[in-house]
Amino acid sequence: AVSFAINSQVMCSSIDALKFHRVKCCGLNTRPRSRWLLLTFIICTMAYIVANAVPFFHDLAALIGSLLLAPVTLLLPGILYRKMSGVPIFCPPSGPFLAYLLIT
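Residues numbered from 1 in each chain as written. Predicted model: local features only at pLDDT ≥ 70, side-chain atom pairs only at ≥ 80, totals over all residues. Heavy atoms only, no water.

### Structural notes on the overall build of the protein
No. 1: Within the protein, the regular secondary structure consists of 4 helices and 0 strands.
No. 2: Reading the protein from its N end, one meets helices and strands in the order α-α-α-α.
No. 3: Relative to its full complement of 104 residues, the protein shows a buried share of 9%.
No. 4: In the protein, the share of contacts with a sequence separation of at least 24, taken over all contacts with a separation of at least 6, comes to 33%.
No. 5: As presented, the protein carries roughly 8700 Å² of accessible surface, and 76% of it is formed by carbon and sulfur atoms. (Helix = DSSP H or I, 4+ residues; strand = E, 2+ residues; numbered from the N terminus. Buried < 20%, exposed > 50% of the residue type's maximum accessible area, 1.4 Å probe, protein only. Contact = heavy atoms within 4.5 Å. Areas by Shrake-Rupley, 256 points an atom, 1.4 Å probe, with all protein chains shown as cover.)

### Description of helix α3 (residues 57–85)
No. 1: Compared with an ideal rise of 1.5 Å per residue, which puts 29 residues at 42 Å, α3 spans 40 Å between its outermost C-alpha atoms and is within 8% of the ideal.
No. 2: Along α3, the helix axis deviates most sharply at Leu68, where the bend reaches about 35 degrees; the proline Pro71 sits within four residues downstream.
No. 3: Phi for Gly86, located one or two positions after α3, is positive at around 85 degrees. (Expected span 1.5 Å × (residues − 1). Bend = angle between axes of the 7 residues up to and from the residue.)

### A closer look at the environment of Ile42
No. 1: For Ile42, the location among the structural elements is in helix α2 (residues 32–53).
No. 2: Considered as a pair, Ile42 and Cys12 are 30 residues apart in the sequence and their alpha carbons are 9.6 Å apart.

### Observations regarding a nonpolar patch on the surface
No. 1: Nonpolar side chains collect at one region of the surface, where Val50, Phe57, Leu60, Leu63, Ile64, Leu67, Leu68, Val72, Leu76 and Leu80 lie side by side and expose about 870 Å² of accessible area between them.
No. 2: Counting residues per element, the nonpolar patch draws most heavily on α3, which supplies 9 residues. (Patch = residues over 30% accessible without salt bridge, like charges linked within 9 Å, V, L, I, M, F, W, Y side chains within 5 Å. Salt bridge = Lys/Arg side-chain N within 4 Å of Asp/Glu carboxyl O.)

### Comments concerning the side chain of Thr40
No. 1: Its location among the elements puts Thr40 in helix α2.
No. 2: Residues within four places of Thr40 in sequence aside, it is in contact with Gln9 and Cys12.

None of the figures reported here should be taken as evidence of function without further support.
If you want it as structure tokens, here you go:
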């Protein structure tokens, strides 16, 4: 419960900074405390609905974690390295290197 409270505040802050601060309904763009209360309530309600809608949520979370762990831990460092070094991320090799790969 404590980790959800901390993580949800960070997520709500990001959502508010990106999009939610522009909401003009009921004057929410000029009342930040009301906007924060509404956004936090929406996030908590959605989390509660998702957690109770799936009867075996623990098993579903374990399945998703096991399916995504290997691809994320193996691909993400390479993608981030290519992004930092300015190399196109999804650019197939060309030239003699490609021919070498096809021959071997």
